[in-house]
Amino acid sequence: MPPAAETKLGYTPPDGGWGWAVVLGAFISIGFSYAFPKSLTVYFKEIQAYFSVSYSEIAWVSSVMLATMYAAGQWHQTFDTIFRLNVLIAVINSNSFLCAGPVSSILVNRYGSRPVVMVGGLMVSSGMVLASFGTSIIHLYLCVGVIGGLGLAFNLQPSLAIVGTYFHVKRPLANGLAMTGSPVVLFTLAPLNQFLFDCFGWRGSFLILGAIVLNCCVAGALMRPVKKSVKPQPKTETPPAASEEDGARSSDFQIEENQTESRCQGCAHRFIDFSLFKHRGFLIYLIGNVVMFFGLFAPVVFLAPYARHQGIDEYSSAFLLSIFALVDMFVRPLTGLLGNTKWIRPRIQYFFSFAVFFNGVCHLLCPLAQGYVGLVLYTVVFGMAFGMLCALLFEVLMDLIGAQHFSSAVGLVTIIECGPVLLGPPISGALVDAFGDYKYMFYACGVILSACGIFFFVMHFYNYKKLDEERKQSLAAERRTSEEAVKLKMSPDDKAAYEAEG
Amino acid sequence: MSASWGKLFFQLVLLLASCGHINTKTPSPTSPSLDPISPLPSDIRRVVLKGESHTEKVELLNPVDLALECIWSGNENKSPNITGYWRKDGEEMQSIRVTVQLENDKYTLRQVFKIVSKENLGSYSCSFGDEAKADFLLAGPQIGEVRDKPIVSYVGDSVVVKCKMDEKKPKPASWNWYKANGTDKEQIFYAAEPQKYEIKNHEWVTKLVVHKLTEGDSGFYYCEGVYAVSTTMGHVELKVITFLEPLKPFIAIIVEVIVLVAAILIYEKSQSKKNSAGGNETNADQTNTPTPGDNNGPEESSSTRQRKV
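Values in this document were obtained by computation on a predicted structure and should not be read as measured data.

Engineer: Sorry if this is basic, but what is going on with the overall build of chain B here?
Structural biologist: Looking only at helices and strands, chain B features four helices and 16 strands. When each of the 309 residues of chain B is scored for burial, the buried share is 36%. Restricting to contacts in chain B with at least 6 residues of sequence separation, those with at least 24 account for 62%. By element, 55% of the accessible surface of chain B is carried by carbon and sulfur atoms, the whole surface being about 18,000 Å².

In structure tokens form, the structure reads like this:
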């Protein structure tokens, strides 16, 4: 029997120190991954005019997903061509982005986060620089959409993974802080892109953006692989509740993995771990997320068009998105902080279920919002809900799976989520077209998200119960075996003394 | 009442008799007997004067019989008669000076103007004595969408300059493009230099494509939408720069990235050197601690087990 002193990870996460620098690196990486494609929309009008691209011309340049989109949705005149171009590039970008998830998982498992992030940064940078010399729209799609998308994928996934290796006790906070990168970078990039466009036109801007995005390499440089030397752990530092529950949750998985543990102490699986599909928590997360993503991003995409539909001018509509990003920015670290408290950490899955449900309710109430003030209120509440959800999105996965298998888990999750993320906005668009009104889209998203919230809540209630039972069983089994071991070790004199005492 | 109209008619006849032909510069009031062609559509613009003066913008695209009406409630001493007259572009139209009667506590001055050509547009003012005045600015429609900031493009590249008319208004019959040449505007003829310029018109939008840009192509470009009686003008500025311009910030940022990455990696190397130097001593300490730890194995195992991720 291997000495029980080995932890599952094989080391103690520092929970601080250089970890905060890693969080900064993750902040930058995640920020660029999420915000960069969204911020490019400033250039679309000009690019579309430049290449004189009409919708029918570019229609054939589509992935299978897009073909479904065109078949399913009737693109209404309310969506002008710029918006459609938006969706097109965003879709191609996210396609590469999400589908590259498994590839980056494999690479991270093999090489660690740092090289993958740096390579990713170089890829996006070269994609943008090449795009600035583009002579056709297809050239642009390949450079920005495919190469850029892949590069961003290589940034997102390793950043999340490395935060998990550096933090355990303060992990929700670290995750919350890292995920704040997305709204912050979006908030910074949007006006910056406008400024660059005014000064240099789209070609020069793409060139300069290529340089700016190279800062992902700086982020990568910060991602020093964590030192995995086994140290005697400090006794009372960890809040017992958190570590106990946490340990129990992964206990069933650990029992399965014990064989491989003894062979491969502290090192992650080299390839995608398909045994994750047997993991109860992972399955709950996966099923819930797949349904959730259908309704999650559509309201963000349609916020500004909805505002314009209500008769609000273009600038105020765009300002709504800035409000959204601002609220999001502050809510994410706060959520991380909350998730770290001793009341919430052990039951963080409930917190996540609440966040999902909150999103759902928010959208259901949206059609009640009247006028600009109502919309601002909705945006603020939506920003809060969305921020909470995003801050916890990967934290709960880490909580269920554990940092070691997180890399593979995220890879699997992203490729499966590909479908709903891409199909969500177009299907919502089709809903708006069909009814000529946005409110049914909001109702649909609200229902989906509320239902997912309830699903998560119920399933995790069941899951926690099962985990508690399993933990009790495994602890009982351990005590029995360790008692036997102690009895075998003890000499007959000691045994007598022991029995006299006990 | 009929006396003043009679006077007006008399003045009209005199005017017409004295002039051999109708001077197109001075708009004449309508006289159905003179123009037997199909009647023009009519339109009316009414202004109620409150206070000293008022300006009203009138957008005209097609020929029209435009009636302009000014209503004034008068001042403290409401005199029964007041002289009402019209001015075009500052010059008084003597022929249509009338005396306005006070009716229902108001003075009403009305005149119909025939708008058939560009010369008929301009600024028309109605005045009541020297007291109240209203201006009607007759012009073509405002250009809908035009970029107010300069369009930036690169030497050797091509650029699309776009002008868009508001879709709520009718489409222009045709579009013209001009390039500013000093203070003049020089029309761009599509046929003259087909490799250089391309004009694409489509309903409310006109696009000027300029190929093989040079720095001399920078400057203002004017798009002119032509309607039956009016035109509308918009302007866009084009700036042509070389690729060196964005290259400077590009290189600056690349340098910054290289410096930061190098700094971080060097710092890390120095840190690890320090650790490896001090590491040998700590290793010696650590060998002692596990032995007492072993006896606590069973109890410690539960707490160690908890330190899972």
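This is not the end of the story, as more comes after the structure.
Engineer: What's the story with the state of the cysteines in this structure? I'm lost.
Structural biologist: Using the criterion set out here, one finds two disulfides over all chains in the structure. The disulfide partner of B:Cys70 is B:Cys126, and the S-S distance across this bridge is 1.9 Å. On the S-S bond that ties B:Cys70 to B:Cys126, the torsion sits near -105°, and the link is left-handed. Residue B:Cys70 is found in strand β3 (residues 64–72), and its partner B:Cys126 is found in strand β7 (residues 122–128); the two are separated by 56 residues along the sequence. A single burial state applies to B:Cys70 and to B:Cys126, both of which are buried. Here the disulfide map of chain B reads 1-2, 3-4, the bonded cysteines being numbered as they appear in the sequence. Lacking any disulfide linkage, A:Cys216 is separated from the closest cysteine sulfur, that of A:Cys217, by 7.1 Å. According to the relative accessible area criterion, A:Cys216 is buried, its value standing at 0%. In this structure A:Cys390 is not part of a disulfide, and its nearest cysteine sulfur, from A:Cys362, lies 13 Å away. In this structure A:Cys390 comes out as buried when scored by relative accessible area, which is 9%.

Engineer: Which parts of the structure should I look at to understand helix α17 (residues 371–401) of chain A?
Structural biologist: Each α-helix turn comprises 3.6 residues. Residues three or four places apart therefore point the same way. Residue and element names in this part refer to chain A. The terminal C-alpha atoms of α17, which comprises 31 residues, lie 45 Å apart, in line with the 45 Å expected from a rise of 1.5 Å per residue. The sharpest bend along α17 reaches about 35° and sits at Leu393. With 23 of 31 residues buried, α17 is to be regarded as a mostly interior element. Positive backbone phi, at 100°, marks Gly402, one or two positions downstream of α17.

Engineer: In this structure, what is going on with the packing of aromatic side chains? I would like to understand it.
Structural biologist: Any aromatic ring pair is given by two values, namely how distant the centres are and how the planes are angled relative to each other. This model, assessed by the stated rule, comprises 27 aromatic pairs over all chains. Here A:Phe133 and B:Phe243 contribute two aromatic rings whose centre-to-centre distance is 5.2 Å and whose plane-to-plane angle is 15°, an arrangement assigned as stacked. Within this pair, whereas A:Phe133 is found in the loop between α7 (113–132) and α8 (137–166), its partner B:Phe243 is found in the loop between β16 (231–241) and α2 (244–288), the two belonging to separate chains. Residue A:Phe133 is classed as partly exposed on the basis of its relative accessible area, which comes to 47%. A ring pair is formed by B:Trp86 and B:Phe136, whose centres lie 6.4 Å apart and whose planes are at 35°; its orientation type is tilted. Highlighted residues: B:Trp86 in strand β4 (residues 81–88) and B:Phe136 in strand β8 (residues 132–139), separated in sequence by 50 residues. There is no split in this pair, since B:Trp86 and B:Phe136 are both buried. Directly above the aromatic system of A:Tyr464 lies the positively charged group of A:Arg347, at a separation of 4.4 Å from the ring centroid. The ring of B:Tyr85 carries the charged tip of B:Arg97 above its face, separated from the ring centre by 4.7 Å.

Engineer: What should I look at first to understand the confidence of the model for chain A in this one?
Structural biologist: Interpreting fine coordinate detail is not advised for predicted regions of low pLDDT. All names here are of chain A. Predicted confidence across chain A gives a mean pLDDT of 78, with 77% of residues reaching 70 or more. Helix α11 (residues 215–222) holds the highest mean pLDDT among the elements of chain A, 94, whereas helix α4 (residues 64–72) holds the lowest, 36. When the criterion is pLDDT under 50, residues 1–7 qualifies, and its contacts beyond four places in sequence or with other chains add up to six contacts. The model gives residues 54–82 a pLDDT under 50, and that stretch makes 47 contacts with residues more than four places away or in other chains.

Engineer: Looking at this model, I keep getting lost on the side chain of A:Thr180. Mind explaining?
Structural biologist: Residues and elements named next belong to chain A. Tracing the backbone shows Thr180 in the loop between α9 (171–179) and α10 (181–213). Judged by its relative accessible area of 5%, Thr180 is buried. A polar contact is formed between the side chain of Thr180 and the backbone oxygen of Gly176, at a distance of 2.7 Å. Residue contacts for Thr180: discarding those within four places in its chain leaves Phe27, Met329, Arg332 and Pro333.

Engineer: Even after reading the chapter, I still don't get unusual backbone geometry, so can you show me in this structure?
Structural biologist: Note: most peptide bonds trans; most residues except glycine with negative phi. All names here are of chain B. Phi at Asp105 is positive, roughly 65°, even though this residue is not glycine. Mapped onto the elements, Asp105 comes out in the loop between β5 (91–103) and β6 (106–115). The backbone of Lys212 shows a phi angle near 45°, a positive value even though the residue is not glycine. Within the element layout of this structure, Lys212 appears in the loop between β14 (205–210) and β15 (219–226).

Engineer: Help me understand the domain arrangement of chain B in this model?
Structural biologist: Interface size is commonly expressed as the accessible surface area that is lost when the partners come together. Residues and elements named next belong to chain B. Partitioning chain B into structural domains gives domain 1 (42–139) and domain 2 (151–243). Taken over C-alpha atoms, the centre of domain 1 sits 38 Å from the centre of domain 2. Domain 1 puts 11 residues into the contact, and the matching count from domain 2 is eight residues. In total, domain 1 and domain 2 occlude about 710 Å² of area from one another, counting both sides; carbon and sulfur atoms represent 64% of this. Interface area lost by domain 1 to domain 2 is led by Glu59, Leu61 and Lys118, which between them contribute 63%. Viewed at the interface, domain 2 and domain 1 are joined by zero salt bridges. At the junction of domain 1 and domain 2, the tally comes to zero residue pairs in polar contact (both at pLDDT 80 or more). Of the residues that constitute the side of domain 1 that touches domain 2, the class distribution is seven nonpolar, two polar and two charged.

Engineer: How should I be thinking about a nonpolar patch on the surface in this particular structure?
Structural biologist: Residues and elements named next belong to chain A. Side chains of Phe274, Phe277, Leu283, Ile287, Val291, Ile415 and Ile416 sit close together on the surface and give an oily, nonpolar patch of about 570 Å² of accessible area. Residue assignment for the nonpolar patch shows that the elements contributing at least two residues are α13 (280–296) and α18 (403–435). Sorting elements by how many residues they give to the nonpolar patch places α13 first, with three residues. One can find Leu283 in helix α13. Judged by its relative accessible area of 31%, Leu283 falls in the partly exposed class.

Engineer: Any chance you could explain the sheet that holds β4(B) here in plain terms?
Structural biologist: Where strands meet in a sheet, backbone hydrogen bonds hold them as pairs that are either parallel or antiparallel. Residues and elements named next belong to chain B. Strand order across the open sheet formed by eight strands is β1-β3-β6-β5-β4-β7-β8-β2, with mixed pairing between neighbours. Of all strands in the sheet, those with a lone pairing partner are β1 (42–49) and β2 (53–59), marking the two edges. Here the average twist between neighbouring strands, direction ignored, is 20°. Where β5 meets β6, two bridges bridge the pair, whose relative direction is antiparallel. Note that in β6 the partner of Glu103 across the bridge is Lys106.

About the cut-offs
- Residues numbered from 1 in each chain as written.
- Chains lettered and ligands numbered in written order.
- Predicted model: local features only at pLDDT ≥ 70, side-chain atom pairs only at ≥ 80, totals over all residues.
- Heavy atoms only, no water.
- Helix = DSSP H or I, 4+ residues; strand = E, 2+ residues; numbered from the N terminus.
- Buried < 20%, exposed > 50% of the residue type's maximum accessible area, 1.4 Å probe, protein only.
- Contact = heavy atoms within 4.5 Å.
- Areas by Shrake-Rupley, 256 points an atom, 1.4 Å probe, with all protein chains shown as cover.
- Disulfide = S-S within 2.5 Å.
- Expected span 1.5 Å × (residues − 1).
- Bend = angle between axes of the 7 residues up to and from the residue.
- Phe/Tyr/Trp six-rings, centres within 6.5 Å; stacked < 30°, edge-to-face > 60°.
- Lys NZ or Arg CZ within 6 Å of the ring centre and 35° of its normal.
- pLDDT = per-residue confidence, 0-100.
- Polar contact = N/O pair within 3.5 Å; in protein donor to acceptor, adjacent residues only side chain to side chain.
- Domains from an automatic or database assignment.
- Buried area = accessible area lost by both parts, 1.4 Å probe.
- Salt bridge = Lys/Arg side-chain N within 4 Å of Asp/Glu carboxyl O.
- Nonpolar A, V, L, I, M, F, W, Y, C, P; charged D, E, K, R; others polar.
- Patch = residues over 30% accessible without salt bridge, like charges linked within 9 Å, V, L, I, M, F, W, Y side chains within 5 Å.
- Pairing = 2+ DSSP bridges.
- Axes fitted to C-alpha atoms, helices over the stretch in contact; angles between N-to-C directions.

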